[in-house]
Amino acid sequence: MSDQHKPRRREQILQALAQMLEDDSGQRITTAALARQVGVSEAALYRHFPSKARMFEGLIDFIEESIFARVSRIIHDIPETTERCGTILSLLLGFAEKNPGLARVMGGDVLTGETARLRQRIHQLFERLELQLKQLLREAELYEGQRPAIPASAAANLLMAHAEGRISQYVRSDFTQLPTQGWEDQWALLSAGLMRPVAQSA
């Protein structure tokens, strides 16, 4: 019984932390405030997470697992490169929009003053997504006879910079400027010049 209760309590703590990040945008989260939100003592928090950094790591774990599991499905289900890239970016923007507290973690502002390891993990999350886009863009030449209009690394960076900028605007606006707002039109513009037939790219 206690073994079943522990994961539920851990999940409850992480959900409360994400909610506080959404409700108290711009405010530093203390363990005392989090304990009050959950309805337990600070000592009880530390029985599940030895530090606040570990709580943030739990949120980052959830972000990574949620996003990359879906990225794998997108790659499996969608054969065409441009549509794959657009769907991955839409996934990223939609996830941030539906999870404002986690968007603050993705934006990195809430990690200021926390351990360097946390900021590095968020950096690596976006690097991993950019690497995935670069790989898809490079494979397009082999499987579709197309290649990016600019080098694959630069094209992948451009796409990720746009998505990261949308998430940053969302956080900076206190969640009023939705990252998916106008995205379809923006993607139509970005994707129109993204790929070229190999014969015309030389």
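Parameters at a glance
Residues numbered from 1 in each chain as written. Predicted model: local features only at pLDDT ≥ 70, side-chain atom pairs only at ≥ 80, totals over all residues. Heavy atoms only, no water. Helix = DSSP H or I, 4+ residues; strand = E, 2+ residues; numbered from the N terminus. Buried < 20%, exposed > 50% of the residue type's maximum accessible area, 1.4 Å probe, protein only. Contact = heavy atoms within 4.5 Å. Salt bridge = Lys/Arg side-chain N within 4 Å of Asp/Glu carboxyl O. Phe/Tyr/Trp six-rings, centres within 6.5 Å; stacked < 30°, edge-to-face > 60°. Lys NZ or Arg CZ within 6 Å of the ring centre and 35° of its normal. Expected span 1.5 Å × (residues − 1). Bend = angle between axes of the 7 residues up to and from the residue.

**Section: the environment of Val38**
Line of reasoning, step 1. In this structure, Val38 sits in helix α2 (residues 31-38).
Line of reasoning, step 2. For Val38, a relative accessible area of 10% puts it in the buried group.
Line of reasoning, step 3. For the pair formed by Val38 and Leu178, sequence separation is 140 residues and the distance between their alpha carbons is 28 Å.
Line of reasoning, step 4. Setting aside residues up to four positions removed in sequence, Val38 forms contacts with Arg9, Gln12, Ile13, Ala16 and Leu45.

**Considering the pattern of salt bridges**
Line of reasoning, step 1. All told, the structure shown has 5 salt bridges when counted by the stated rule.
Line of reasoning, step 2. Linking Asp61 and Arg121 is a salt bridge whose minimum nitrogen-to-oxygen distance equals 2.7 Å. Remark: Arg121 occurs in helix α7 (residues 116-144) and Asp61 occurs in helix α4 (residues 52-77); sequence separation between them is 60 residues.
Line of reasoning, step 3. With relative accessibility at 29%, the residue Asp61 sits in the partly exposed group.
Line of reasoning, step 4. A relative accessible area of 16% places Arg121 in the buried class.

**Concerning the packing of aromatic side chains**
Line of reasoning, step 1. All chains considered together, the criterion is met by 3 aromatic pairs.
Line of reasoning, step 2. The ring of Phe68 has Arg128 sitting right over it, with the charged end atom 3.6 Å from the ring centre.

**Some details on α7**
Line of reasoning, step 1. A rise of 1.5 Å per residue sets the reference length of α7, with its 29 residues, at 42 Å; its end C-alpha atoms lie 41 Å apart and thus fit the reference within 8%.
Line of reasoning, step 2. Where α7 bends most, at Arg138, the angle is about 25°.
Line of reasoning, step 3. Among the residues of α7, Leu118, Arg121, Ile122, Leu125, Phe126, Leu129, Leu133, Leu136, Leu137 and Ala140 are the ones counted as buried.
Line of reasoning, step 4. Buried positions along α7 lie against α4, α5 (81-98), α6 (100-107), β1 (146-148), α8 (152-172) and β2 (195-197).
Line of reasoning, step 5. Directly beyond the C-terminal end of α7, a positive phi value near 70° is found at Gly145.

Worth remembering: the numbers are spatial, not functional.
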